[in-house]
Amino acid sequence: MITRISCNGQEIILIGTAHVSKQSAQLVQDTIHEQNPDTVCVELCRTRLAALKDADRWKNMDIVKVIKEKKALLLFMNLLLASFQKKMADKFDIKPGQEMINAIAAAEKINALIVPADREIQITLSRVWRGMGVWEKLKLMASLVFSFGASDDIEEEDIEKMKQEDILQTLLADVKKTHPIIEKTLINERDRFLAEKIRSAPGEKIVAVVGAAHAPGIKKYLALNDVIDLDELNSVPPAGKAGKILKWLIPSLILLLFATGFLMEGKSAGSDMIWIWIIANGIFAGLGALLALAHPLTIISSIIAAPLTSLNPMIAAGWVSGLVEAFSRKPKVKDLEDIPNDIGSIKGFWRNNVTRILLVVVFTNLGSSIGTMTALPLMLKLIN
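In this text, all values refer to a predicted model and were calculated from it rather than measured experimentally.

## Some words on the overall build of the protein chain
Next up, step 1: Scanning the protein chain for helices and strands turns up 20 helices and five strands.
Next up, step 2: Of the contacts made within the protein chain by residues no fewer than 6 positions apart, 79% connect residues no fewer than 24 positions apart.
Next up, step 3: When the accessible surface of the protein chain is totalled, it reaches about 18,400 Å², and 60% of it is carbon and sulfur.

Given below as structure tokens:
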């Protein structure tokens, strides 16, 4: 678990850990005390480091702002990942990220510099998302949702096996087999990023605390001693041309389909197509909101909004229903305070007013997409 590396005149002590292991947490603390390094690098980005130090960070979250900035899905994915880690940590009576907490505390005790060496989680998730097609994104969301119960069958001896994988790898095990972008972005790119941040950290002696899944890659890139372009790894690729075209092309084709129905089959068929579109989109979006246990006004708004937003590439049905839910059941301070505990269970996700809003956004958008895919073949059948 401990590797000593000489690089550019520095001594780097690399500790590979399991993120929910008491032994790993204790090893990190003991190693820093014994080695007395100048710098401690941790596998955290600046955002996660600040969150780890600030237990009250949830109290400052503005859920309405999150929805308006179109960050609801990323926040939802973050919470699912945190939920998975929390459930495992609770099962084995250890605080999530305890090895990082120990590393920070030990570094502060000896006045060592603390360097957050990981890439921002939002950038990592955005790079994964931009690198996937629509079908891959749906499978990714399904994998994350079904991960709710993934920790139930894990025994303590399995933690040793998990030292060979990142938490994200464990969650996305099925998806990454068929989609190389997962492995490339979550592991390989972060190996390079971590290696460069560790190599460029100040001090003659450095202790680096990382998940064991990253240790082999970090050692490889440190040995190569090539400068790695962090700006390139920090960039979020623009949406692909195909995605931009489809975003406008699909609504245009649907409108063209309506016109074709009226021209070729007459007023009756054209009207039927419009009703099929309205009913399919409205029902499935409403079912999505209902599945999230949304407020009745939210369910009604999703039914009304979905047929219209599906034809507008700039607005999603989930954003409308999410905002209605936020104003109908305005989250209280207690909801914000309870997020760390509520994300530990499925029931908690639905009970908490903040996380329920995220469920409303995700499930309404998913329902609207299913409604669109259901309506199109039925509309085409009328023309045939």
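The structure having been displayed, the exposition proceeds.
## Topic: the packing of aromatic side chains
Next up, step 1: Within the structure shown, the criterion is met by two aromatic pairs.
Next up, step 2: Measuring from centroid to centroid gives 6.4 Å for Phe-258 and Trp-277, while their planes differ by 85°, and the two rings are edge-to-face. In this pair, Phe-258 sits in helix H14 (residues 241–265) while Trp-277 sits in helix H15 (residues 267–291), placing the two residues 19 residues apart along the sequence.
Next up, step 3: Owing to a relative accessible area of 9%, Phe-258 belongs among the buried residues under this scheme.
Next up, step 4: Since its relative accessible area comes to 2%, Trp-277 is described here as buried.

## Observations concerning the pairing of strand E2 (residues 10–17)
Next up, step 1: Most of E2 sits inside the fold, with seven of its eight residues counted as buried.
Next up, step 2: Relative to E2, strand E1 (residues 2–7) runs antiparallel, the two being bridged by six bridges. What sits directly across from Ile-2, in E2, is Ile-15.
Next up, step 3: Counting the residues between successive antiparallel strands, the hairpin from E1 to E2 contains two residues, one of them, Asn-8, with a positive phi of roughly 55°.

## Notes on the packing of H15 against helix H16 (residues 296–309)
Next up, step 1: In the contact formed by H15 and H16, the axes pass within 7 Å of each other and the chain directions differ by 145°. Handedness of the crossing formed by H15 with H16: right-handed. Contacts between H15 and H16 pair Trp-277, Ile-278, Asn-281, Gly-282, Ala-285, Gly-286, Ala-289 and Leu-290 from the former with Ile-299, Ser-302, Ile-303, Ala-306 and Pro-307 from the latter.
Next up, step 2: Counted by class, the contact of H15 with H16 contains nine nonpolar, four polar and no charged residues.

## Details of the confidence of the model for the protein chain
Detailed reading of the predicted coordinates is not advisable wherever pLDDT is low.
Next up, step 1: Residues with a pLDDT of 70 or more make up 79% of the protein chain, whose mean pLDDT is 81.
Next up, step 2: Averaged pLDDT values over the elements of the protein chain bottom out at 52 in helix H10 (residues 173–178) and peak at 96 in strand E3 (residues 39–42).

## Comments concerning the nonpolar core
Next up, step 1: Ranked by size, the top nonpolar core spans 27 residues in total, and within it Ile-63, Phe-76, Leu-79, Phe-349, Leu-358 and Leu-359 carry the most contacts.
Next up, step 2: Counting residues per element, the ones that place at least two in this core are helix H3 (63–68), helix H4 (72–91), helix H18 (333–342), helix H19 (346–351) and helix H20 (353–383).
Next up, step 3: With eight residues, H20 is the largest single contributor of residues to this core.
Next up, step 4: Contacts of Leu-358, omitting those with residues within four sequence positions, involve Ile-63, Ala-72, Leu-75, Phe-76 and Leu-79.
Next up, step 5: Core analysis: the second largest hydrophobic core is formed by 21 residues, Ile-5, Ala-117, Ile-198 and Ile-206 among them.

## A few points about the pattern of salt bridges
Next up, step 1: The full count for this structure, using the stated rule, is 10 salt bridges.
Next up, step 2: Of the charged contacts, one joins Glu-43 and Arg-190 as a salt bridge, the two residues approaching to 3.0 Å between their closest N and O atoms. With Glu-43 in the loop between E3 and helix H2 (46–53) and Arg-190 in helix H11 (residues 180–199), this residue pair connects regions lying 147 residues apart in the sequence.
Next up, step 3: We classify Glu-43 as buried; its relative accessible area is 4%.
Next up, step 4: Exposure remark for Arg-190: the relative accessible area of 4% places this residue in the buried category.
Next up, step 5: As a salt-bridge pair, Arg-119 and Glu-189 come within 2.9 Å of each other at their nearest N and O atoms. Taken together, the residues span a long stretch of sequence, with Arg-119 in the loop between strand E4 (113–116) and helix H6 (121–130) and Glu-189 in helix H11 at a distance of 70 residues.

## A few points about the side chain of Glu-196
Next up, step 1: With respect to the helices and strands, Glu-196 occurs in helix H11.
Next up, step 2: By relative accessible area, Glu-196 is classed as buried at 10%.

## Some words on the packing of helix H17 (residues 317–328) against H20
Next up, step 1: Viewed as axis vectors pointing N to C, H17 and H20 meet at an angle of 150°, and their least axial separation amounts to 7 Å. Taken together, the axes of H17 and H20 lie roughly antiparallel to each other. Note on packing geometry: the crossing formed by H17 with H20 is right-handed. Touching Ala-317, Gly-318, Trp-319, Ser-321, Gly-322, Glu-325 and Ala-326 of H17 are Arg-356, Ile-357, Val-360, Val-361, Thr-364, Asn-365 and Ser-368, all from H20.
Next up, step 2: Here the contact of H17 with H20 is composed, by residue class, of six nonpolar, six polar and two charged.

## Regarding the pairing of E3
Next up, step 1: In E3, alternate side chains face the same way, and those of Thr-39 and Cys-41 on one face and Val-40 and Val-42 on the other are all buried.
Next up, step 2: The pairing of E3 with E4 spans four bridges and is parallel. For Val-40, the partnering residue across the bridge sits in E4 and is Ile-114.
Next up, step 3: Summarising the sheet, E3 and strand E5 (residues 205–211) pair through four bridges and their orientation is parallel. Across the sheet, residue Thr-39 finds its bridge partner in E5, namely Ile-206.

## Details of a nonpolar patch on the surface
Next up, step 1: Taken together, the side chains of Trp-275, Ile-278, Ile-279, Ile-283, Leu-287 and Leu-290 make up a nonpolar region of the molecular surface, amounting to roughly 580 Å² of accessible area.
Next up, step 2: You can see Ile-279 is positioned in helix H15.
Next up, step 3: Accessibility expressed as a relative area gives 44% for Ile-279, which makes it partly exposed.

## Let's talk about helix H5 (residues 98–109)
Next up, step 1: Compared with the 16 Å implied by 1.5 Å per residue over 12 residues, the 16 Å span of H5 between its first and last C-alpha is a close match.
Next up, step 2: For H5, the set of buried residues is Gln-98, Glu-99, Met-100, Asn-102, Ala-103, Ile-104, Ala-106 and Ala-107.
Next up, step 3: As for H5, its buried residues are in contact with E2, helix H1 (22–35), E3, H2, E4 and E5.
Next up, step 4: Where H5 ends, the next residue or the one after it, Asn-111, has phi of about 60°, a positive value.

The rules behind these values
- Residues numbered from 1 in each chain as written.
- Predicted model: local features only at pLDDT ≥ 70, side-chain atom pairs only at ≥ 80, totals over all residues.
- Heavy atoms only, no water.
- Helix = DSSP H or I, 4+ residues; strand = E, 2+ residues; numbered from the N terminus.
- Contact = heavy atoms within 4.5 Å.
- Areas by Shrake-Rupley, 256 points an atom, 1.4 Å probe, with all protein chains shown as cover.
- Phe/Tyr/Trp six-rings, centres within 6.5 Å; stacked < 30°, edge-to-face > 60°.
- Buried < 20%, exposed > 50% of the residue type's maximum accessible area, 1.4 Å probe, protein only.
- Pairing = 2+ DSSP bridges.
- Axes fitted to C-alpha atoms, helices over the stretch in contact; angles between N-to-C directions.
- Left-handed = near helix turned anticlockwise from the far one by under 90°.
- Nonpolar A, V, L, I, M, F, W, Y, C, P; charged D, E, K, R; others polar.
- pLDDT = per-residue confidence, 0-100.
- Core = buried A, V, L, I, M, F, W, Y, C linked by side-chain atoms within 4.5 Å.
- Salt bridge = Lys/Arg side-chain N within 4 Å of Asp/Glu carboxyl O.
- Parallel < 35°, antiparallel > 145°, perpendicular 65-115°, else oblique.
- Patch = residues over 30% accessible without salt bridge, like charges linked within 9 Å, V, L, I, M, F, W, Y side chains within 5 Å.
- Expected span 1.5 Å × (residues − 1).

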